[in-house]
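One letter stands for each residue in the lines below.
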Amino acid sequence: MRHPLDTLDWPISTERLLLRRAAPGDLDATWAFRQLPETHEWVTAATVTYDDYRERFLREERLADLLIVELDGRVIGDLTLKVQDGWAQEEVADQARSVQGELGWTLDPSYGGKGYATEAVRALIDISFNSLGLRRLHADCFYDNESSWRLMERVGMRREQHTVRDSLHRTKGWLDGLSYALLAEEWPAHE
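Small disclaimer: the values here were computed from a predicted structure and weren't measured. (Residues numbered from 1 in each chain as written. Predicted model: local features only at pLDDT ≥ 70, side-chain atom pairs only at ≥ 80, totals over all residues. Heavy atoms only, no water.)

Structural notes on the overall build of the protein chain
Each helix and strand counted, the protein chain has 6 helices and 8 strands in total. Across the protein chain, helices and strands are ordered from the amino to the carboxyl terminus as β-β-α-α-α-α-β-β-β-α-β-α-β-β. What you see for the protein chain is a C-alpha radius of gyration of 16 Å, in line with the 16 Å of a compact globule of 191 residues. When its C-alpha atoms are laid out on the principal axes, the protein chain stretches across 45 × 40 × 30 Å. A buried classification covers 47% of the 191 residues belonging to the protein chain. Of all intrachain contacts in the protein chain linking residues separated by at least 6 positions in sequence, the fraction that spans at least 24 positions is 62%. With the model as given, the accessible surface of the protein chain reaches about 10500 Å², and the carbon-plus-sulfur share is 47%. (Helix = DSSP H or I, 4+ residues; strand = E, 2+ residues; numbered from the N terminus. Rg over C-alpha atoms; globule rule 2.2 N^0.38 Å. Buried < 20%, exposed > 50% of the residue type's maximum accessible area, 1.4 Å probe, protein only. Contact = heavy atoms within 4.5 Å. Areas by Shrake-Rupley, 256 points an atom, 1.4 Å probe, with all protein chains shown as cover.)

What about the UniProt feature "domain: N-acetyltransferase" (unreviewed entry) in the protein chain?
Per the UniProt annotation, the sites labelled "domain: N-acetyltransferase" (unreviewed entry) are residues 17–185. A distance of 26 Å separates the end C-alpha atoms of residues 17–185, which is 30% helix and 35% strand. (UniProt positions renumbered as here; feature names shortened; annotations may be inferred.)

Some remarks on the sheet that holds strand β2 (residues 18–21)
Note: strands within a sheet are paired through backbone hydrogen bonds, in either parallel or antiparallel orientation. Read from one edge of the open sheet, 8 strands run β1-β2-β3-β4-β5-β6-β8-β7, paired in mixed fashion. If you trace the sheet from one side to the other, it starts and ends with β1 (12–13) and β7 (158–169), each paired once. Pairing between β1 and β2: 2 bridges, direction antiparallel. Bridge pairing in β2 links S13 to L18. Running over the sheet, helix α5 (residues 116–131) touches β1, β2, β3 (66–71), β4 (74–84), β5 (100–107), β6 (136–142) and β8 (173–183) and is turned about 35 degrees from β4. The sheet strands contacting helix α6 (residues 146–154) are β5, β6, β7 and β8, and the helix crosses β6 at an angle near 155 degrees. (Pairing = 2+ DSSP bridges. Axes fitted to C-alpha atoms, helices over the stretch in contact; angles between N-to-C directions.)

Here it is as structure tokens:
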């Protein structure tokens with residue numbers, strides 16, 4: 001089955017950025033910022049070596065969900081959109097197929113504080129709701145990853161859950177977790 005992102009015309013431009021599908025050639029550019037300590041600390045899968053990163057990055061299912069964020073031709077980050085089924089009772093499960101998405105992002109910290117992450121994630125939300133027709137988006141993070149949850153709030157996502165020490169961090173142990181979400185009908189109010 002085709003990935004929903006395959007149905008769109010790429011690249012997509014924002015005011016300052018270019019979003020495009022990830023390709024194997026983006027390996028080195030993404031490794032450059034993903035291996036930095038301040039980024040590496042929070043990514044879901046922290047590969048230690050370049051070879052491990054290459055193997056993970058080049059997986060077909062990984063590339064299918066990944067978008068690249070460019071500024072003036074330079075890769076400054078990546079975004080993830082995993083299209084998912086909503087929970088449903090058996091009788092209506094067909095209506096819940098591929099209706100929601102999980103968002104993720106990693107940006108080069110040297111580009112922080114300039115609004116690029118906010119601009120890129122807003123564009124991804126707009127793509128998800130207006131181009132792909134998804135009905136709900138969600139994102140999760142560790143409570144300690146303040147820059148991530150502050151970004152979720154800046155783009156208009158609602159904090160739905162604060163869990164107590166349910167999220168295991170590779171070096172910090174059990175930490176609190178946060179879940180944010182946004183419905184399609186809520187999105188126009190935040191633009």
